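# Reading the structure
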Amino acid sequence: MSLNYVVQPGGTLRGTLRVPGDKSISHRSVLLGSLAHGETRVSGFLEGEDTRATAAAMRAMGVIIEADGAGALRIVGRGLRGLSAPNTSLDLGNSGTGMRLLAGVLAGQPFRSRVFGDASLNSRPMRRIADPLRRMGAQFETTDTGTPPLDIGPAEALSGIRYEMPVASAQVKSCLLLAGLYADGETVVVEPGLCRDHTERMLNGFGYPVTREGNCVSLRGGGQLQAGEVEVPADISSAAFFLVAASIAPGSDLTLTGVGVNPTRDGVIQILKLMGADIELLNRCERSYEPVADIRVRYAPLRGIRIPEELVANAIDEFPALFVAAACATGETRLTGAGELRVKESDRIGAMATGLQALGADAEATPDGMVVRGRELRGGTVRSFGDHRIAMALSMAGLKAAGRVIVEDCANVQTSFPSFAATSAAVGVRIAEQRS
Ligand code: S3P
């Protein structure tokens, strides 16, 4: 059975809403809670397929994780050396973050493990972690094309390395820092551009010193993590669909509460503001070492811009939504330096260009970005390419299309935002789910 979204034009977004917990921070809470000494309590955990896959993998290695199904977890940590060998291969589903971060942990274990995913994940590049992990001394096999399944370990001795990442990737950085917990000496990761720092913040929160000097992040192996409390903020990547939707739908005035506004993740706000969006951050505070705020967004006419390349890593997951903003803006928007979008859950440049063109937009894919010129959108049927963020972004385009927009193949939204359609409808998007 396939799930489609059907969006009628003309909605206005009003009211207050809290989107689900941050996916990146949820994954990390399960991993670090499992490796800590003592009991970790998590609140606001994202109950999505991706983060549940990470929890299932840790349970398969003997960690007790109790979940109430509404975002509260109790994790009984086993310490860095307390995991047991899993009886089966570990299925990370659609989750690149789950797989790459877990691989860092598995690289340090005294047992052998095998990790795989769905068709999308099994075609994603893993040499980016395989190469540096092998340099640290890990046993690490991919397929001949550098994709999963991954065969990892058993580890003998890992040694810390200094690694200059060729692309700004928080997944690679986090993978190496987690492997570094098991390594002799210092592991240093050099970032070509600042990418999300949730792992470093949470490690520090769990009492494990991580230092940053300029663009170098480092830690020393051999320490211990102490269990703690993690309050997961609402996910700015999920909030992004509503920031764009309210910006393009006349009459909108929406407040998103408790959103993580870590400066390594707020590129979407900065880019929308450069386009003329009316976005205000209220009630700023800090929760579990992460900055949080309520975000008020009101309708405002948007204009096209050249997106500064230094903001790309900080908005990497928000480009599907931002392309919709660009299609509804006056003038030309140009994105460059974002070739990484081609190796996400789908080729997000190709998928969004195809979808927007089907709706009548002037969108031209380039090898590392897109050129979009704003004009009237028409209704139509578009595909999500089995990618949650493409599904959600294209459904928001329906707000501004002249006719009905049908987005096909939306089941993958379960990975990051299971209540997306109901939540959107509650604040004024004229969206319905259709199963066929
Ligand atoms: C993530 C990092 C990003 C992002 C992904 C989540 C993370 O990937 O696209 O959705 O939680 O570390 P890269 O760091 O590989 O760009």
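Residues numbered from 1 in each chain as written. Predicted model: local features only at pLDDT ≥ 70, side-chain atom pairs only at ≥ 80, totals over all residues. Heavy atoms only, no water.

## Regarding the pattern of salt bridges
Put simply, the test is: Salt-bridge detection follows one rule: a side-chain nitrogen of Lys or Arg within 4 Å of a carboxyl oxygen of Asp or Glu. Elements are defined by DSSP. Helices are runs of H or I of four residues or more, strands are runs of E of two residues or more, and each kind is numbered from the N terminus. A 1.4 Å probe rolled over the protein chains alone gives each residue an accessible area, and that area as a share of the maximum for its type sets the label: buried under 20%, exposed over 50%, partly exposed in between.
Under the counting rule described, the total for this entry stands at 31 salt bridges. Between R373 and E332 there is a salt bridge, and its shortest N-O distance comes to 3.0 Å. Taken as a pair, R373 in strand β22 (residues 369-373) and E332 in strand β20 (residues 332-335) lie far apart in primary sequence, 41 residues in all. Under the relative-accessibility criterion, E332 is labelled partly exposed at 35%. E364 serves as the salt-bridge partner of R373, at 3.8 Å between the closest nitrogen and oxygen. Residue classification places E364 among the partly exposed residues on the basis of a relative accessible area of 40%. If you follow the salt bridges from partner to partner, you end up with R124, R196, D317, E345, R348 and D387 in one network.

## Quick notes on helix α7 (residues 236-248)
Cut-off, in case you're wondering: Expected helix span is computed as 1.5 Å times (number of residues minus one). Any pair of nitrogen or oxygen atoms within 3.5 Å is treated as a polar contact; in protein, a donor-acceptor pairing is required on top of that, and neighbouring residues in sequence qualify only through side-chain atoms on both sides.
Between its first and last C-alpha, α7 extends 18 Å over 13 residues, near the 18 Å set by a 1.5 Å rise per residue. Most of α7 is tucked away, with 13 of its 13 residues classed as buried. Near the N-terminus of α7, the side chain that reaches the backbone nitrogen of S237, with its oxygen 2.8 Å away, is that of D235.

## Here we look at the pairing of β20
The condition is simple: Strands are labelled as partners when DSSP assigns at least two bridges between them.
Side chains T333 and L335 project from β20 onto a buried face, and the interleaved E332 and R334 project onto a face without burial. Sheet topology places β20 next to β22; 4 bridges connect them, and they run antiparallel. Looking at β22, one finds that L335 is bridged to M370.

## Quick notes on the site of the ligand
Defined as follows: Throughout, the term near means that a residue has one or more heavy atoms lying within 4 Å of the molecule or strand in question. Using a 1.4 Å probe, the Shrake-Rupley method yields the accessible areas, and only the shown protein chains count as cover for residues. Only protein atoms enter the 1 Å grid, on which a cavity is a set of points fitting a 1.4 Å probe that cannot get out and a pocket is an open set with protein on both sides within 12 Å along at least 5 of 7 lines, lining residues being those with an atom within 4 Å of a point. Placement in a cavity or pocket follows one criterion, namely that more than half of the molecule's atoms lie within 2 Å of its grid points.
Around the ligand lies a shell formed by S24, R28, T97, S169, A170, Q171, R196, I316, D317 and K344. At 2.6 Å, a side-chain N or O of S24 approaches an oxygen atom of the ligand. When the ligand is considered free in solution it has 380 Å² of accessible area, and contact with the protein chains removes 95% of it. More than half of the atoms belonging to the ligand lie within 2 Å of the grid points that define the largest pocket.

## Comments concerning the packing of aromatic side chains
Operational definition: Within 6.5 Å between ring centres, the rings of Phe, Tyr and Trp (the latter by its six-membered ring) count as paired, and their orientation is classed by plane angle as stacked under 30 degrees, edge-to-face over 60, tilted in between.
Summed over all chains, the structure comprises 6 aromatic pairs. Taking the centre distance of 5.5 Å and the plane angle of 75° together, the rings of F417 and F420 count as edge-to-face. For F417, a relative accessible area of 0% puts it in the buried group. Residue class for F420 comes out buried when judged on its relative accessible area of 0%. Members of the aromatic cluster, each reached through a chain of ring pairs, are Y5, F241, F242, F417 and F420.

## Details of empty space enclosed by the protein
Rolled over the atoms, a probe with the dimensions of a water molecule shows which regions are left empty. Where we set the bar: Grid points are joined across faces, edges and corners, and a volume is the space filled by probe spheres set on the points. Three residue categories are used. Nonpolar comprises Ala, Val, Leu, Ile, Met, Phe, Trp, Tyr, Cys and Pro, charged comprises Asp, Glu, Lys and Arg, and polar comprises the others, including Gly.
Counted according to the given criterion, the structure contains 2 cavities of 30 Å³ or more. Each pocket or cavity is described by its volume, and for the largest cavity that value is around 50 Å³. Lining the largest cavity are I25, H198, R201, M202, V230, E231, P233, R287, S288, Y289 and E290. Of all elements in the fold, only α6 (198-205) and β16 (229-231) reach the threshold of two or more residues within the lining of the largest cavity. The dominant element in the lining of the largest cavity, judged by the number of residues it contributes, is α6, at 3 residues. Residue classes in the lining of the largest cavity are distributed as 5 nonpolar, 2 polar and 4 charged. In this structure, the second largest cavity spans a volume of roughly 30 Å³.

## Focus: the side chain of E290
Applicable threshold: The criterion used for residue contact is that any of the two residues' heavy atoms lie within 4.5 Å.
Secondary-structure assignment places E290 in strand β19 (residues 290-298). In terms of polar contacts, E290 uses its side chain to reach the side chain of H198, at 2.8 Å. Beyond its immediate chain neighbours, meaning those up to four positions away, E290 contacts I25, H198, R201, N262 and C285.

## Focus: the nonpolar core
What counts is decided by this rule: Residue types Ala, Val, Leu, Ile, Met, Phe, Trp, Tyr and Cys, when buried and joined through side-chain atoms within 4.5 Å, form a set referred to as a nonpolar core.
Formed by 83 residues in total, the largest nonpolar core has its most connected members in L13, F242, L256, L272, F319 and F420. The biggest single contributor to this core is α7, with 10 residues.

## Structural notes on the packing of helix α1 (residues 23-35) against α6
The following threshold applies: Axes here mean lines fitted to C-alpha atoms, for a helix over just the part in contact, with angles spanning 0 to 180 degrees between N-to-C directions. Orientation categories follow fixed angle ranges, with anything under 35 degrees roughly parallel, anything over 145 roughly antiparallel, 65 to 115 roughly perpendicular, and all other angles oblique. In this scheme the crossing of two helices becomes right-handed for a clockwise turn of the near helix relative to the far one and left-handed for an anticlockwise turn of less than a right angle.
Two elements in contact, α1 and α6, have axes separated by 10 Å at closest approach and are oriented at 40°. In this view, α1 runs oblique relative to α6, as classed from their interaxial angle. Like other packed secondary-structure pairs, α1 and α6 cross with a definite hand, here right-handed. Between α1 and α6, the residues in contact are S24, I25, R28, S29 and L32 and H198, T199, M202 and L203, respectively. Partitioning the contact of α1 with α6 into residue classes produces 4 nonpolar, 4 polar and 1 charged.

## Looking at the packing of helix α9 (residues 319-327) against helix α10 (residues 348-358)
At their nearest, the axes of α9 and α10 sit 10 Å apart, and the two run at 35° to each other. Of the two elements, α9 crosses α10, and the hand of that crossing is right-handed. Residue-level inspection shows P320, F323, V324 and A327 of α9 in contact with α10, the latter providing R348, M352 and L356. Counted by class, the contact of α9 with α10 contains 6 nonpolar, no polar and 1 charged residues.

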